[in-house]
Amino acid sequence: MKFIIRRLILAIPTLLGITMLTFAIQRVAPGDPVRIFTYAEPDISQEEIVRLRSQLGLDKPLPVQYLVWLGRIVRLDMGRSYTTHRPVTEMMGERIGNTLTLAITALLIALPMGITLGVYSAFKQGTILDNIGRVFAVLGNTIPHFWLGLLFILVFSVHLRWFPSSGVSTLGRQGFDLLDRLWHLFLPAIVLATGGIANYSRYMRTETLEVIRQDYIRTAYAKGLVPWVMLYRHALRNALIPLVTILGGSLASLFSGALVIENVFSWPGMGRLGYDAVLQRDYPVLMGLTVISSALVILGYLLADIAYALVDPRIRHE
Amino acid sequence: MAISQRASLSANASFTQEPSASLWGTARRRLRGDKLTLAAFAVLGLLVAMALAAPWLSKNFFHTTYEAIDLSMRLKPPSLERPLWWLGTDEYGRSQLVRLMYGAQVSMGIGVLAALINLSIGITLGLTAGYYRGRLDEIINWLVTTFVSIPTIFLLLVVAALFRPNAVSLGLVIGSISWMSVARIVRGQVFAARERDYVLAARSIGATNRRIMWVHILPNVLPIVLIIMGMDIGGVILWESAISYLGFGVQPPMASWGNMLTNAAGFLFHAPWLVIAPGFFISLTVLCLYLIGDGLRDALDPRLKE
């Protein structure tokens, strides 16, 4: 328990750093918060503008402005969009479900596949299968994912017509059709998962190779344990431990990847929101997205650390 | 007796020079036998040559430029009729092959520029954090963690929204937001290096801290840095292509491998060659850089027994 508290406290300076960075960028950005009001009333008078400025707190010194802004962020009030004038939190809330669906599905695909591939590669080290696996792992890291998405669309949507190329569900469908949703989810999730598969399999391969050379594995084998039992009970458990840390770090790349993939597949998620925000110079939305996704990334690292401590008893007794 | 034996031995030796046992000599020898890495070097060399020769080739061999619009020739599939049609034309009738060559200039140029910035910032911060430790280390660590927690794409988008970057400033920008891994690795290396005897020796003859960092420790950290640089340039090229594909990077008509894919996506059905080619070149370049980095790592590893 103390461990968790300690890690939480350590995360605070980073969160503060991120908020400072986003606040600074928002201040540097051209475009005035007062614009929202002057947009509605073009003949607004000078005194009105001055009054608005002091109302919005824009005449206070910068550190005070930062603290006020920070206070609002903590209460999940991220201002209003410059374009739609709706609360940023509301706009993000609509889209976050879609992005999380995509990201989590991709993770659920990447983890089992990556681990199996990696472990299998390790056991068959040096053979053709191992080399093919390693080639796939390298390719997963060198091919641009959005290009892979385009290729998948070319093959599976345009030529084979097996899967749709855009959207969350077919237009005009009433209600929630799970099968239809999954059908639309398939391609984007697979493309997003490729990077993960490459990384996890490469990592698991190295880890498993190290583990199976250990003495306790030899002992288990000498005891007469069937390879599968030995694999599960002894080797895998130990090889899996460091993977938890890598998992935590995956969240950041998942978000980045999701943004581009959402663009390729016209997936209505936070990524698309960010893309539109950049096009329209809608800074409140952009900053809100940055803060939220960074906070989620830090949460990911935190959970990974905690899980690591739970899984590895050696850490707990430090 | 033993001495004369040794003398005769060396006189009959089949080689007149001892094989170099230094780090770089061993590395060079290992590289020479590493066919995969050499092949990667060769392919990369070809790509760089293509990029550098782009202006000359497009004028004298292809007789066109990268922005020459010819709407009567739009969306031609690859054909062997004329050199500039070898990879087909895009929706404006521009030769894809020529644009790919110019794109090589842009994408690889940005990659190198960003990697250089990366390395400068990363090495400086890494050296400082690793050498001085304490307060400075904590501050730099905090900076690193902050930047690492923000998904790269958002940083890039934010900057793209703030300033419309052209090719050069895009390189600078990408360089200034991906220095974190370099800094971390250098910091780790410096941690180990500063305990070595040569640092103690340098300090004892009065070398300043700055001199020790840059003149003594840095050359020993260099092998790792070279390896990182290879993978780094690859990563930057991938990011540049992604941000250009979204439309926030290199702007048309200047060609970059990424922005060639932006409009190609719309012609997926009619002109698949427009999608396949630029992505293929991106992958090829990044793959070569990756293999070179891997090969360098194996070559420079002092722990590998011959």
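Keep in mind that this is a model prediction, so the values were computed, not measured.

Cut-offs applied
Residues numbered from 1 in each chain as written. Chains lettered and ligands numbered in written order. Predicted model: local features only at pLDDT ≥ 70, side-chain atom pairs only at ≥ 80, totals over all residues. Helix = DSSP H or I, 4+ residues; strand = E, 2+ residues; numbered from the N terminus. Buried ≥ 20, exposed ≤ 12 C-beta atoms within 10 Å, placed from the backbone. Contact = placed C-beta atoms within 7 Å. Rg over C-alpha atoms; globule rule 2.2 N^0.38 Å. pLDDT = per-residue confidence, 0-100. Core = buried A, V, L, I, M, F, W, Y, C linked by C-beta atoms within 7 Å. Axes fitted to C-alpha atoms, helices over the stretch in contact; angles between N-to-C directions. Left-handed = near helix turned anticlockwise from the far one by under 90°. Nonpolar A, V, L, I, M, F, W, Y, C, P; charged D, E, K, R; others polar. Expected span 1.5 Å × (residues − 1).

Turning our eyes to something else, we now look at the overall build of chain A. A count of helices and strands for chain A gives 13 helices and zero strands. Per-residue burial over chain A gives 36% buried out of 318 residues. Within chain A, contacts between residues at least 6 apart in sequence are counted, and of these 73% link residues at least 24 apart.

What follows is about the overall build of chain B. Along chain B, the regular secondary structure elements total 13 helices and zero strands. Listed by position from the N terminus, the elements making up chain B come as α-α-α-α-α-α-α-α-α-α-α-α-α. At 25 Å, chain B has a C-alpha radius of gyration far larger than the 19 Å of a compact globule built from 306 residues. Dimensions along the principal axes, computed over C-alpha positions, put chain B at roughly 85 × 60 × 30 Å. The burial tally for chain B puts 44% of its 306 residues in the buried class.

Moving on to the confidence of the model for chain A. When the pLDDT values of chain A are averaged, the result is 79; 87% of them are 70 or greater. Mean pLDDT values over the elements of chain A span from 60, in helix H2 (residues 35-40) of chain A, up to 87, in helix H7 (residues 145-159) of chain A.

A few words now on unusual backbone geometry. Residues apart from glycine generally show negative phi values, whereas peptide bonds are mostly found in trans. Located in the positive-phi region is Ser266 of chain A, a residue other than glycine, with phi close to 50 degrees. In this structure, Arg133 of chain B takes a positive phi of about 55 degrees despite not being glycine. Considering the arrangement of structural elements, one finds Arg133 of chain B in the loop between helix H5 (96-132) and helix H6 (134-149).

Right, let's get into the nonpolar core. In terms of nonpolar packing, the biggest core is built from 156 residues, with Ile261 and Leu286 of chain A together with Leu157 of chain B touching the most fellow members. For this core, the leading source of residues is H5 of chain B, giving 19 residues. The contact partners of Ile261 of chain A, leaving out residues within four places of it in the chain, are His145, Phe146, Gly149, Pro188, Val191, Leu192 and Trp267 of chain A.

Now for the packing of helix H11 (residues 209-246) of chain B against helix H12 (residues 257-264) of chain B. All names here are of chain B. Interaxial distance between H11 and H12 falls to 7 Å at its minimum, and their mutual angle equals 35 degrees. Judged by the twist between their axes, the crossing of H11 over H12 is right-handed. On the side of H11, the interface is formed by Glu240, Ser241, Ala242, Ile243, Ser244 and Tyr245, while H12 contributes Trp257, Gly258, Asn259, Leu261 and Thr262. Among the residues forming the contact of H11 with H12, the class breakdown is five nonpolar, five polar and one charged.

Right, let's talk about the confidence of the model for chain B for a bit. Residue and element names in this part refer to chain B. When the pLDDT values of chain B are averaged, the result is 81; 92% of them are 70 or greater. Taken element by element, the predicted model of chain B shows its lowest mean pLDDT in helix H1 (residues 2-11) (50) and its highest in H5 (88). Interface confidence in the predicted complex, given as ipTM, is 0.81; pTM for the same model is 0.83.

Residue and element names in this part refer to chain B. Following both chains from N to C, one finds H5 and helix H13 (residues 273-300) inclined at 35 degrees, their axes separated by 11 Å at the closest point. With respect to the hand of their crossing, H5 and H13 are arranged in right-handed fashion. Touching Gln96, Leu100, Gly103 and Met108 of H5 are Leu274, Ala277, Pro278, Phe281 and Thr285, all from H13. Its residues assigned to classes, the contact of H5 with H13 comprises six nonpolar, three polar and no charged.

Taken together, the contacts link 33 residues of chain B with 35 residues of chain A. Elements represented by at least two residues in the side of chain B that touches chain A include exactly H6, helix H7 (152-162), H11 and H13 of chain B. Among the elements that make up the side of chain B that touches chain A, the one with the highest residue count is H7 of chain B (eight residues). Looking at the side of chain B that touches chain A residue by residue, the classes come out as 25 nonpolar, eight polar and no charged.

Let's shift gears to H5 of chain B. With 37 residues, H5 of chain B should reach 54 Å at 1.5 Å per residue; the first-to-last C-alpha distance of 52 Å fits that figure. Within H5 of chain B, 30 of the 37 residues are buried, which leaves it mostly tucked inside the rest of the structure.

This paragraph deals with the environment of Ile174 of chain B. Residues and elements named next belong to chain B. Residue position: Ile174 is located in helix H8 (residues 167-177). Take Ile174: there are 28 C-beta atoms within 10 Å of it, and that puts it in the buried class. Distance from Ile174 to Ser107, taken between C-alpha atoms, is 12 Å for residues 67 residues apart in sequence. Not counting residues up to four positions away in its chain, the partners in contact with Ile174 are Ala114, Val236, Trp239 and Glu240.

Taking 1.5 Å per residue, 13 residues should reach 18 Å; helix H4 (residues 62-74) of chain A reaches 18 Å between its end C-alpha atoms and fits that length. Trailing H4 of chain A by a residue or two, Leu76 of chain A shows a phi angle of about 65 degrees, which is positive.

Before going further, it helps to spend a moment on the environment of Ile217 of chain B. Residue and element names in this part refer to chain B. As for its placement among the helices and strands, Ile217 is situated in helix H11. According to the C-beta neighbour criterion, Ile217 is buried, with 24 such atoms within 10 Å. Along the sequence, Ile217 and Tyr66 sit 151 residues apart, while their C-alpha atoms lie 46 Å from each other. Excluding residues that lie within four positions of it along the chain, Ile217 makes contacts with Leu127, Val190, Ala193, Arg194, Val199 and Ile212.

Below, the discussion takes up the environment of Arg164 of chain B. All names here are of chain B. Within the fold, Arg164 resides in the loop between H7 and H8. Classification of Arg164 as exposed rests on a count of 12 C-beta atoms within 10 Å. With 59 residues separating them in the primary sequence, Arg164 and Pro223 have C-alpha atoms 36 Å apart.

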